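# Structural features, examined
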Amino acid sequence: MKIKRQKHAKKTISFYKYNFSFREPFQIIIDGTFCHAALKNKIQIKEQLPKYLMGEVQLCTTNCALKELETLPKELYGAKLILQRFQIRRCKHTKDPVPASECLLSMLGETNPHHYFIATQDQELTKALKKIPGVPLLYIILNTMVLDKPSERTLKHVEAVQLGEVVVNPTQQKSIQSLKEKEGLGKDGEDKRGRKRKRKSSNPNPLSCLKKKRKMAMPPQPKKTDGEKKKRIRSKKRRPVGEKAVGSGPANA
């Protein structure tokens, strides 16, 4: 199951890299609901998130998210302690804090230009984030962290860019193209990693230019007929001189 989740995460991260120019270290904005779920399920965010995303990460939050936890019951005090360890990103509400969900939406804007991941358990916030193209979402379910698949709005945006209906920033387009070339993808999205390289033309092997030697044909031997029989050659052994044959000659008186 863990291997399957890793493959799913790798595929999703590659999608955001190629289409939205995401880079390491990945910037992940975390709210109080995510920290509370991690504490409840005994998940070490700082140790487990880099392993799951297979890359370097920067864990961060906003001042509004911290202020929101201060107003909530003491049961969420542990979540506040976890959230305080992360970097604080500046938001527009320094003087007048707003709810964390509103603050996070303002950080992303309409196109998520700073390439933030969002880690939250807030269902209403998740619905609003799925309307913004190019926003990876993280949540906790069944004691495990999960990277959500790209939303329909994100997929439609990518399709519109490929068809030329949406104009992309030239610098962003250049970085996307360089990423694709680095991974072996062509302009039309074809995978070039499986193609064989053409061999350069070179001089022929001199040994292959030599004329082949003709083999001398052996004269055919006449076949023996069934009626012919092989003659058996018997060899006689010569006796030494003076030796008499046994049983020959007159008997002695």
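How each quantity is defined
Residues numbered from 1 in each chain as written. Predicted model: local features only at pLDDT ≥ 70, side-chain atom pairs only at ≥ 80, totals over all residues. Heavy atoms only, no water. Helix = DSSP H or I, 4+ residues; strand = E, 2+ residues; numbered from the N terminus. Contact = heavy atoms within 4.5 Å. Buried < 20%, exposed > 50% of the residue type's maximum accessible area, 1.4 Å probe, protein only. Arc of directions from axis to C-beta. Salt bridge = Lys/Arg side-chain N within 4 Å of Asp/Glu carboxyl O. Pairing = 2+ DSSP bridges. Axes fitted to C-alpha atoms, helices over the stretch in contact; angles between N-to-C directions. Core = buried A, V, L, I, M, F, W, Y, C linked by side-chain atoms within 4.5 Å.

## Considering the environment of Leu-76
Examined against the element boundaries, Leu-76 turns out to sit in the loop between α4 (63-71) and α5 (77-83). With 37 residues separating them along the chain, Leu-76 and Leu-39 place their C-alpha atoms 9.6 Å apart. Not counting residues up to four positions away in its chain, the partners in contact with Leu-76 are His-36 and Leu-69.

## Considering helix α8 (residues 152-162)
Listed as buried for α8 are Thr-154, His-157, Val-158 and Ala-160. Seen from one end, α8 has its buried residues packed into an arc of 160°, which puts them on one side. Exposed residues lying more than 90 degrees from the buried face of α8 are Glu-152, Lys-156 and Gln-162. Where the residues of α8 are buried, they touch α1 (2-20).

## Some thoughts on the pattern of salt bridges
One pass over the full model with this rule turns up two salt bridges. For Lys-80, the salt bridge goes to Glu-70, with nearest N and O atoms at 3.6 Å. Pair noted here: Lys-80 is in helix α5 and Glu-70 is in helix α4, with a separation of 10 residues, a long-range link. Residue Lys-80 is classed as buried on the basis of its relative accessible area, which comes to 16%.

## Digging into the pairing of strand β2 (residues 57-62)
For β2, the tally of buried residues reaches five of six residues, placing the bulk of the element in the interior. Strand direction decides the pairing type here: β2 and strand β3 (residues 87-89), joined by three bridges, are parallel. Bridged to Cys-60 within β3 is Gln-87.

## Points about the sheet that holds β3
With respect to topology, six strands assemble into an open sheet ordered β3-β2-β1-β4-β5-β6, the strand pairing being mixed. The sheet is open, and its two edges are formed by β3 and β6 (144-147), each paired on a single side. When the angles between neighbouring strand axes are averaged without regard to direction, this sheet yields 35°. In this structure, strand β4 (residues 116-119) lies alongside strand β5 (residues 137-141), joined through two bridges in parallel fashion. Note on β5: the bridge partner recorded for Ala-119 is Leu-138. The strands touched by helix α2 (residues 32-40) are β1 (26-30), β4, β5 and β6; relative to β5, the strand with the most contacts, the crossing angle is about 35°.

## A short note on the nonpolar core
Counting residues in each nonpolar core, the largest one holds 37 residues, and the members touching the most others are Ile-28, Ile-30, Ile-45, Leu-53 and Leu-138. With five residues, α1 is the single largest residue contributor to this core. Not counting chain neighbours up to four residues away, the residues in contact with Ile-45 comprise Ile-30, Phe-34, Cys-35, Ala-38, Pro-50, Leu-59, Ile-82 and Phe-86. By size, the runner-up hydrophobic cluster in this structure holds 16 residues, among which are Cys-91, Ile-118, Val-135 and Leu-137.

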